[in-house]
Amino acid sequence: MIKIEKRNDVPMALYFFTPFIAIILTILGGGIIFYILGFNPIEALKFYFITPISNLYGLSELLLKATPLCLIAIGLSFCFKSNNWNIGAEGQLTFGAIVGGGVALLFYNQEGFYILPLVILAGAIGGMIFALIPAVLKTYFNTNEILVSLMLVYVSKLLLDYLVVGPWSNPEGFNFPETRQFSDSSRMPLLFEGLRIHAGIFLALAAVMLSWFILYKTYLGFQIKVSGLSLKTAKYAGFKGKTMILVVFMISGACAGLAGVGEITGPIGQLHRMISPDYGFTAIIVAFLGRLNPFGIIFASMVVALTYLGAETAQIFLQIPKYTGQVFQGMILFFLLASDYLLFFKIKILSLKKNELRH
Amino acid sequence: MSLDISFIGILIGSIMASSVPLILAASGELITERSGVLNLGVEGMMIIGAISGFALMVITDNLFIAIVGSMLSGVIISLIFGFLTQSLLTNHVATGLALTIFGIGLSAMLGKNFVGIPGKEFPILFSSLRESIPFFGPILFGHSIVLYFAFALPFLTNYFLKKTKLGLVVRAVGDSPVSASNQGINVILVRYCCILYGGAMCGLAGAYLSLIYTPQWIENMTAGRGWIALALVVFATWSPIKVLIGALIFGGITILQLHMQAIGFRIPVQFLSALPYLMTIIVLVVISRDSRKIKLNTPTSLGRIFYKEK
């Protein structure tokens, strides 16, 4: 006998525990998919989740990929907490990279300590401006932010494409769709010789700290949380809804812009078509898996970064197509959402013996 | 002059062809949304339909099986969404996003061995009439059966919603699930059916792309059409006939953009390619400005979770 009861309140421990259930179920599900594809599931999972991080280089790659995911997800958590569905972070990342990259290209033959901060600032402002489009349209024209922010992803990618093949393409680049290399002063300093991990990780950590402070210690954070829980209450309390929508989108866009600029000034070093393997979309999963909590997001960004790395490793060693990464990412979110059922409902398994005793 | 007129006929014919996936996907999603469910997984369901249709065509060499199979695969993948949102009461927006990410990944994985295989010619109807009648020939004749179905679908959908009892049930469930439930309607069951129907139509829309429109498998070949279809439903303020009009406008922009590129219009290709997306935003702004008008037609319970205490 199984009995399902609605819970009166959500136990907090379970709230942070269910993401782990989701991860375990995803690994099991992945094993089944590998088995269906004709691979030894244990071996495939080992190549997927253990091999990539079994050496120092792998750990550095993990943090390298977790950095943009963490940054974007931190920004998105402001939007999602207040019920604003910004799903166009990929576009904000791209536009941030375009603006930041543009500044870096201005200084392509110059050196100076002031260049990198300028490039980073430009990237954040770029992302912020791009995120303001869906926010302004939502607040003043009542337009659905999901669709607008998403359409802008395509627009920004086409703009980047136009720039790298057209006006910004490298004059000495044999018509390859890419810009000049940035000067060393526009590049993020590397943390260790021989590893790709760069100073951008400090931006992500700063964003985590700052977001924790804003969300839990300021009036703005309080407003965001209340609006997320109940719009009616927020209105009754007299919060300025429109300003808040603009602010959360600006924070979110700035973070995505920073992530974009971190990629082009970090591992890439120039602008070309493929500056992000859909970090902006994957970060949505990171935000949810981290329960929209700044520290949860750090953890989640590493788990999801591992799916990127694992997909690459599995492709090299087992010729498993690398798209399994996205399949894993989709599965994590499916299982996470499904396990939320446990938060709102109590499942009681009544043994037959008890029933018999009652009779 | 006669040359111009026949050219315009061909142009209109190609606009119709390019609007088919949008009509199919948006009509399916419209029914889903009318029942109060917001499924953002349209893009994911379309791409799954595209690869399953193409793969089945290559494996069985039978186009009928391919078309039916693509619809079934749409049903199966939408069942995941249905189970999560209806039985496990998950958030519609997040679940739909997961479906799209999952679908794109899964389709690329399944399609790995089908890249570069040439497609098969899909039979077209009344091809002799297409050549013999100027102007109207290329508009009315020489299309695939899926196109004729797609153009009938908005009218059928309209009839279903307005004139049939089942249509009334769907609207009641979308507008007031609590009263519908009190009337003895199984809200969850109705919503499940609408979700699966939406999945079937999105699967067919995907198969149209990979079997008829550009007969081959290319990764990510839906290229955002699923999202445009979602925007179309809002554009149409949930009315099936307006979906048809909207889809033709978007098909028109896509074709016009291709022609402008072909005749060497002095605007960079990328700006023309961005037109459908920019147009979507502009149209959404114009439509949504009047919040009362939007609210009048929006299914009242759209995207809200329905839970009945047992």
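Residues numbered from 1 in each chain as written. Chains lettered and ligands numbered in written order. Predicted model: local features only at pLDDT ≥ 70, side-chain atom pairs only at ≥ 80, totals over all residues.

1. Details of the pairing of strand 1 (residues 2-6) of chain A
Residue and element names in this part refer to chain A.
Line of reasoning, step 1. Summarising burial for strand 1: zero of the five residues are buried, a small minority.
Line of reasoning, step 2. Two elements, strand 1 and strand 2 (residues 345-349), share five bridges in a ladder whose sense is antiparallel. Within strand 2, the position partnered with I2 by the bridge is I349. (Buried ≥ 20, exposed ≤ 12 C-beta atoms within 10 Å, placed from the backbone. Helix = DSSP H or I, 4+ residues; strand = E, 2+ residues; numbered from the N terminus. Pairing = 2+ DSSP bridges.)

2. Some thoughts on the packing of helix 3 (residues 56-81) of chain A against helix 7 (residues 200-217) of chain A
Residue and element names in this part refer to chain A.
Line of reasoning, step 1. Contact pair helix 3 / helix 7: the axes reach a minimum separation of 9 Å and the direction vectors enclose 30°. As far as their axial angle goes, helix 7 and helix 3 are roughly parallel. Both helix 3 and helix 7 take part in a crossing whose hand is left-handed. Counting all contacts with helix 3, which are made through L63, T67, C70, L71, I74 and S77, the residues of helix 7 involved are G200, I201, L203, A204, A207, V208 and S211.
Line of reasoning, step 2. For the contact of helix 3 with helix 7, the per-class residue count stands at nine nonpolar, four polar and no charged. (Axes fitted to C-alpha atoms, helices over the stretch in contact; angles between N-to-C directions. Parallel < 35°, antiparallel > 145°, perpendicular 65-115°, else oblique. Left-handed = near helix turned anticlockwise from the far one by under 90°. Contact = placed C-beta atoms within 7 Å. Nonpolar A, V, L, I, M, F, W, Y, C, P; charged D, E, K, R; others polar.)

3. Overview of the environment of A:L333
Line of reasoning, step 1. For A:L333, the position within the fold is in helix 13 (residues 324-339).
Line of reasoning, step 2. As a C-alpha pair, A:L333 and A:I285 span 48 residues in sequence and 6.0 Å in three-dimensional space.
Line of reasoning, step 3. Discounting residues that sit within four places of it in the chain, A:L333 has contacts with A:I285, A:F288, B:A94 and B:A98.

4. Some remarks on unusual backbone geometry
Residues and elements named next belong to chain B.
Line of reasoning, step 1. At L89, a position not held by glycine, the phi torsion is positive, near 55°.
Line of reasoning, step 2. A tally of 17 C-beta atoms within 10 Å means that L89 is categorised as partly exposed.
Line of reasoning, step 3. Unusually for a residue other than glycine, N220 sits at a positive phi of about 55°.

5. Some points on the interface of chain A and chain B
Line of reasoning, step 1. With 36 residues of chain A at the contact, the number on the chain B side is 39 residues.
Line of reasoning, step 2. Only helix 5 (115-141), helix 6 (145-165), helix 11 (279-289) and helix 13 of chain A provide two or more residues apiece to the side of chain A that touches chain B.
Line of reasoning, step 3. Here the element with the most residues in the side of chain A that touches chain B is helix 13 of chain A; it accounts for 11 residues.
Line of reasoning, step 4. Here the side of chain A that touches chain B is composed, by residue class, of 25 nonpolar, nine polar and two charged.

6. Some thoughts on the confidence of the model for chain A
Line of reasoning, step 1. Of all residues in chain A, 97% attain a pLDDT of 70 or more, and the chain-wide mean is 89.
Line of reasoning, step 2. No element of chain A has a lower mean pLDDT than helix 15 (residues 352-358) of chain A, which averages 51, and none a higher one than helix 4 (residues 89-106) of chain A, which averages 97. (pLDDT = per-residue confidence, 0-100.)

7. Details of the nonpolar core
Nonpolar side chains in soluble globular proteins tend to be buried together.
Line of reasoning, step 1. With 202 residues, the main nonpolar core has A:I72, A:A73, B:Y208 and B:L232 as its most contacted residues.
Line of reasoning, step 2. Residue contributions to this core peak at 17 residues, all from helix 10 (residues 187-213) of chain B.
Line of reasoning, step 3. Aside from chain neighbours lying at most four places away, what touches A:I72 is A:A89, A:L93, A:C255, A:A256, A:A259, A:Y279, A:G280 and A:A283. (Core = buried A, V, L, I, M, F, W, Y, C linked by C-beta atoms within 7 Å.)

8. Here we look at the packing of helix 13 of chain A against helix 4 (residues 92-110) of chain B
Line of reasoning, step 1. Viewed as axis vectors pointing N to C, helix 13 of chain A and helix 4 of chain B meet at an angle of 155°, and their least axial separation amounts to 7 Å. Here helix 13 of chain A is positioned roughly antiparallel relative to helix 4 of chain B, judged by the angle of their axes. Note that helix 13 of chain A runs across helix 4 of chain B; the crossing there is left-handed. Contact residues: A:T324, A:G325, A:Q326, A:V327, A:Q329, A:G330, A:M331, A:L333, A:F334 and A:L337 in helix 13 of chain A; B:A94, B:T95, B:A98, B:I101, B:F102, B:I104, B:G105, B:L106 and B:M109 in helix 4 of chain B.
Line of reasoning, step 2. When grouped by side-chain class, the residues that make up the contact of helix 13 of chain A with helix 4 of chain B number 12 nonpolar, seven polar and no charged.

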